[in-house]
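Residue-level structure breakdown
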Amino acid sequence: MSRPIPDLRDPEQRRAYRRELMQVARGVRRTGVALAMLGSALILVNAYWTPVPNIVTLAAIVAGFALMLFGIGARAKYHKRRMRGEI
C-alpha cells in the first residue's frame, strides 16, 4: 500500500515531506561526514604531532565522501520513487 503523493505546492505538505526526506539514509550520510572530518583531523595530527600513514588519512576521506554520495543517491532515488507513488 503506497502513501499519497505529497502536494509540494502546499507549504505544510512540503515541510512534512522535507522532514520525511531528511530521514532517508540519515545514518549513512552522518557517518560519511564523520569519516571525512576524521580524515581532516588526521591531516592535522600528521602535521603537528605523530606521523600517521597517508593511506589511513586518504582512506578515511575517500570512504567518507563515498558514504555521503551513497546517501545522497539513496535519498534522490527515494524521492523519485515517492513522487511516482511506488512507496
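Below you will find a few notes about this structure. Predicted, not measured: the structure shown is a model, and the values here were computed from it.

Reading the values: rules and limits
- Residues numbered from 1 in each chain as written.
- Predicted model: local features only at pLDDT ≥ 70, side-chain atom pairs only at ≥ 80, totals over all residues.
- Heavy atoms only, no water.
- Core = buried A, V, L, I, M, F, W, Y, C linked by side-chain atoms within 4.5 Å.
- Buried < 20%, exposed > 50% of the residue type's maximum accessible area, 1.4 Å probe, protein only.
- Contact = heavy atoms within 4.5 Å.
- Axes fitted to C-alpha atoms, helices over the stretch in contact; angles between N-to-C directions.
- Helix = DSSP H or I, 4+ residues; strand = E, 2+ residues; numbered from the N terminus.
- Parallel < 35°, antiparallel > 145°, perpendicular 65-115°, else oblique.
- Left-handed = near helix turned anticlockwise from the far one by under 90°.
- Nonpolar A, V, L, I, M, F, W, Y, C, P; charged D, E, K, R; others polar.

**What about the nonpolar core?**
One finds Tyr 17, Leu 21, Val 24, Ala 25, Tyr 78 and Ile 87 forming the largest nonpolar core, which totals 6 residues. In this structure, Leu 21 is in contact with Arg 75, Tyr 78 and His 79, ignoring residues within four places of it in sequence.

**Describing the packing of helix H1 (residues 11-22) against helix H3 (residues 54-84)**
Between H1 and H3, the shortest axis-to-axis distance is 10 Å and the interhelical angle comes to 135°. The pairing of H1 with H3 is recorded here as oblique in orientation. H3 is crossed by H1, and the crossing has right-handed handedness. Between H1 and H3, the residues in contact are Tyr 17, Glu 20, Leu 21 and Met 22 and Arg 75, Tyr 78, His 79, Arg 82 and Met 83, respectively. The residue makeup of the contact of H1 with H3, split by class, is 5 nonpolar, 1 polar and 3 charged.

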